Amino acid sequence: MKSSGLLRATLTLLAGSALAQLLPLLLGPWLTRIYTPTEFGQFGFMWALASILAVVGCARYEFALPMETQDSKAAVLLALCARVLVCVLGVAVLLSLVLWRWQDLALAWGLPLAVLAAALTQALTLWSTRAQRFQALAVARVLQYGGGAVLQLLLGLAGVGVAGLLLGPVLAGLLAVVLLARPAPLGGWVALWRAPRPELKAMASKHRDFPLLNTPHAFAGALQDSLAMVLIAAWSGDASAGYWALALRYLKAPASLVGGALSQVLYPRLVQCQGNAAESLRLVRQCMALLMLLALPMMAGLMLWGPALFAAVFGERWQDAGELARALAPYIALHFVASPLSVAMMAWGAQAWGLRLALVGQLMFVLGLAAGLALGGLIGAAWGVSAAMLAYFAYFFWALANWHSFPAPQSLAPNESRN
């Protein structure tokens with residue numbers, strides 16, 4: 001019954017993910033004919049910067065929401081997330097002013113909006129995951145990703161310019177937030193701001209591993225993408241950064257959508273399996289095998305037809321992005337498998353191990369990128385990343401498949417009635 005429940009929930013999210021992925025893919029050829037590689041480079045840099053702040057917008061406390069079985073405690077945890085987000089938004093506003101005043105970045109004004117939309121979507125996704133509202137999560141994915149592409153197209157046709165690339169996903173993310181804002185926390189949304197300070201402090205202490213261990217992990221991962229954009233733009237210019245941004249945007253879409261759907265189901269299931277090591281390992285190995293079966297054909301297709309495919313779909317001026325896709329194909333396949341499996345480290349209390357390993361991986365990524373740029377330019381950078389990350393992901397998969405240090409089962413209180 002548990003396996004069938006996992007499959008049914010995953011298929012529900014995959015259905016939404018498939019539609020959410022289809023819309024950007026179908027609209028991509030129009031977007032690349034409306035926006036230039038330079039505009040994609042400018043958008044890619046600003047979005048990467050917003051992602052750095054958004055990924056730690058709630059100090060990763062939101063990932064503890066599925067662990068809180070009592071509605072009253074979950075409401076306190078959500079209140080803690082809201083307070084942290086306000087502080088992070090303050091940092092985003094200050095940073096946007098710095099970028100506008102001293103760097104003259106045209107999109108600097110959109111940084112706080114992008115952080116708000118992305119961080120709220122992430123937090124309320126975990127809130128809906130806790131409530132097992134898988135249908136709402138599927139629809140929200142369509143709004144967030146498919147709606148973002150539709151809005152980018154409409155704003156581009158309206159002559160908004162590069163701002164349309166940023167406003168599209170921001171507005172779509174806020175629409176997804178509205179959908180995911182149910183059920184309301186115990187006492188209602190306004191009550192979040194009346195949560196007693198002692199309860200907030202106790203909740204922060206209880207889940208301190210998330211800001212102390214998972215936040216640096218997530219922050220470093222987001223910083224990796226921003227650093228890559230900075231290095232490429234400095235070495236080869238904004239157009240090359242635009243090729244890199246477009247290639248990764250479409251190549252990582254399966255990992256963020258299909259893999260994201262699986263992780264939203266896998267994470268609470270692994271939490272429920274605490275005390276049953278055999279079942280936990282079975283779930284992770286099963287997911288790993290399925291993801292590998294999906295990733296290998298994708299990698300082969302990109303390596304064989306990447307340049308021709310990008311030129312045919314996005315236009316001849318984007319053929320260089322197809323060359324990047326070919327070189328990045330091994331890395332993309334490995335990332336596709338690893339992305340949803342990372343939730344096992346949170347469920348298994350292995351965040352300290354995960355942080356150490358991730359820092360090594362991010363160092364390998366940057367070194368592979370820099371060495372590739374120096375030896376072979378933009379395409380060399382892509383091959384450098386694929387080569388550097390092969391050993392890293394191989395060890396990660398082996399470690400998860402043979403994990404033996406599982407947390408002791410928690411004493412769970414009965415659920416309170418849900419709103």
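Source: prediction; values computed, not measured.

A. Spatial organisation of the side chain of Ser-280. Within the element layout of this structure, Ser-280 appears in helix H11 (residues 277–314). Non-local contacts of Ser-280, meaning those with residues more than four positions away in its chain, are made with Leu-270, Cys-273, Trp-348 and Phe-406.

B. Highlighting the confidence of the model for the protein chain. Per-chain confidence: the protein chain averages 87 in pLDDT, with 93% of residues scoring 70 or above. Residue range residues 411–419 is modelled with pLDDT below 50. Its contacts to residues more than four positions away, or to other chains, number 21 contacts.

C. Representation of the environment of Thr-32 within the structure. Relative to the helices and strands, Thr-32 resides in helix H1 (residues 2–34). Look at Thr-32 and you get buried, because its relative accessible area is 0%. Taking C-alpha positions, Thr-32 is 30 Å from Val-178, a pair spaced 146 residues apart along the chain. Ignoring any residue separated from it by four or fewer positions in sequence, one finds Thr-32 in contact with Phe-40, Leu-246, Phe-314, Arg-317 and Trp-318.

D. Structural view of the pattern of salt bridges. The tally for this structure, following the rule as stated, stands at four salt bridges. Across the salt bridge formed by Lys-206 and Glu-68, the nearest N and O atoms sit 2.8 Å from each other. You can see Lys-206 sitting in helix H7 (residues 197–206) and its partner Glu-68 sitting in the loop between helix H2 (37–54) and helix H3 (71–103), a full 138 residues away along the chain. Note on Lys-206: relative accessible area 49%, which makes it partly exposed. Taking the relative accessible area as the measure of exposure, Glu-68 reaches 4% and is therefore buried. The shortest N-O distance in the salt bridge between Glu-323 and Arg-326 comes to 3.8 Å. Taken together, the positions of Glu-323 and Arg-326, both in helix H12 (residues 319–341) and three residues apart, correspond to about one turn of that helix. Overall, Arg-326 belongs to the partly exposed group, its relative accessible area being 26%.

Thresholds applied
- Residues numbered from 1 in each chain as written.
- Predicted model: local features only at pLDDT ≥ 70, side-chain atom pairs only at ≥ 80, totals over all residues.
- Heavy atoms only, no water.
- Helix = DSSP H or I, 4+ residues; strand = E, 2+ residues; numbered from the N terminus.
- Contact = heavy atoms within 4.5 Å.
- pLDDT = per-residue confidence, 0-100.
- Buried < 20%, exposed > 50% of the residue type's maximum accessible area, 1.4 Å probe, protein only.
- Salt bridge = Lys/Arg side-chain N within 4 Å of Asp/Glu carboxyl O.

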